Amino acid sequence: IEEHVRELKTLLDVAHSQSDEAKNPETLSGSMGGGSSLIDTSALSKVMGQKSQGSIAMSAERRERIESALATLEEYQHSNTLVRFIHNGPLEGEWRSSTEGFESANESDPCAAATRFFDEEAQRLARVFAANRIASLEINSIYDAAIHDPFFANFNWEAFSRDELLLVPAVTALESANHVATDGMTSFSRLLSPVRPVQIFVRVPP
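Predicted, not measured: the structure shown is a model, and the values here were computed from it.

Which residues make up the side chain of His4, and what values go with them?
Tracing the chain through its elements places His4 in helix H1 (residues 2-17). Classification of His4 by relative accessible area gives buried; the value is 17%. Among residues more than four places away in sequence, those in contact with His4 are Leu73, Asn132, Ala135, Ser136 and Ile139.

Hey, could you go over the nonpolar core for me, with residue numbers and the actual values?
Generally speaking, soluble globular proteins have nonpolar side chains that are buried together. Counting 38 residues, the largest nonpolar core has Leu8, Leu73, Ala114, Phe118, Phe152, Phe155 and Phe160 as its most contacted members. Mapped onto this core, the elements with two or more residues apiece are H1, helix H4 (60-75), helix H6 (110-139), strand E3 (170-176) and helix H10 (185-192). If you tally residues by element for this core, the top one is H6, at 15 residues. In contact with Ala114, other than residues within four places in its own chain, are Ile86, Val171, Ala173, Leu191 and Val198.

So what's going on with the environment of Thr72? Which residues, and what values?
Considering the arrangement of structural elements, one finds Thr72 in helix H4. The residues contacting Thr72, other than those within four sequence positions of it, are Arg127, Val128 and Ala131.

So what about the side chain of Glu175? Which residues, and what values?
Turning to its location among the elements, Glu175 is positioned in strand E3. No salt bridge is formed by the buried Glu175, whose closest oppositely charged neighbour, Arg203, lies at an N-O distance of 7.7 Å. Within the local environment of Glu175, its side chain forms a polar contact with the side chain of His179, the two groups lying 3.0 Å apart. Beyond its immediate chain neighbours, meaning those up to four positions away, Glu175 contacts Asp109, Pro110, Cys111, Val180, Phe201, Val202 and Arg203.

The rules we used
- Residues numbered from 1 in each chain as written.
- Predicted model: local features only at pLDDT ≥ 70, side-chain atom pairs only at ≥ 80, totals over all residues.
- Heavy atoms only, no water.
- Helix = DSSP H or I, 4+ residues; strand = E, 2+ residues; numbered from the N terminus.
- Buried < 20%, exposed > 50% of the residue type's maximum accessible area, 1.4 Å probe, protein only.
- Contact = heavy atoms within 4.5 Å.
- Core = buried A, V, L, I, M, F, W, Y, C linked by side-chain atoms within 4.5 Å.
- Lys, Arg positive; Asp, Glu negative; His and termini not counted.
- Salt bridge = Lys/Arg side-chain N within 4 Å of Asp/Glu carboxyl O.
- Polar contact = N/O pair within 3.5 Å; in protein donor to acceptor, adjacent residues only side chain to side chain.

Here it is as structure tokens:
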């Protein structure tokens, strides 16, 4: 992400240097600092205003796409949570607080909560992973709007690569057999369709 942020900023800097705004006398004067008094920026602006052969200005659509991806990557905050363990009722043991990256939650309907936790985190990361993929395509100048726009418009966890999926905090639900067989059957079924990568433990009587 850090590498892509740097390279996207470079792309935008290059695009800005080719824009008409960057070539006007006032901008040139401001960019030269104290040395601007030694140069006729009006004359320089006219010279720079001549289109360079082979130079293609960045389209507004591409600039907006790059700026959006850059903003998403810069806003990304890494989560230290590795595992979310959702249960119903008491759960004892000092390991809950001493295990790094472990987070537990007491919920009346563990399967429903597991679905919610996974979907919310996957949706947050989908924006980041999409922005990271867009950045790679733009940096290599291979983004094709006809192909990639529809793909990223519907991008969700089911399109994650194996490595991306491993970055989503693991979600585990601890259920009782009685709850799954009665009131919890609906949320249990919803969690399994589509098949989310969520672990479910069901306690049964001895």
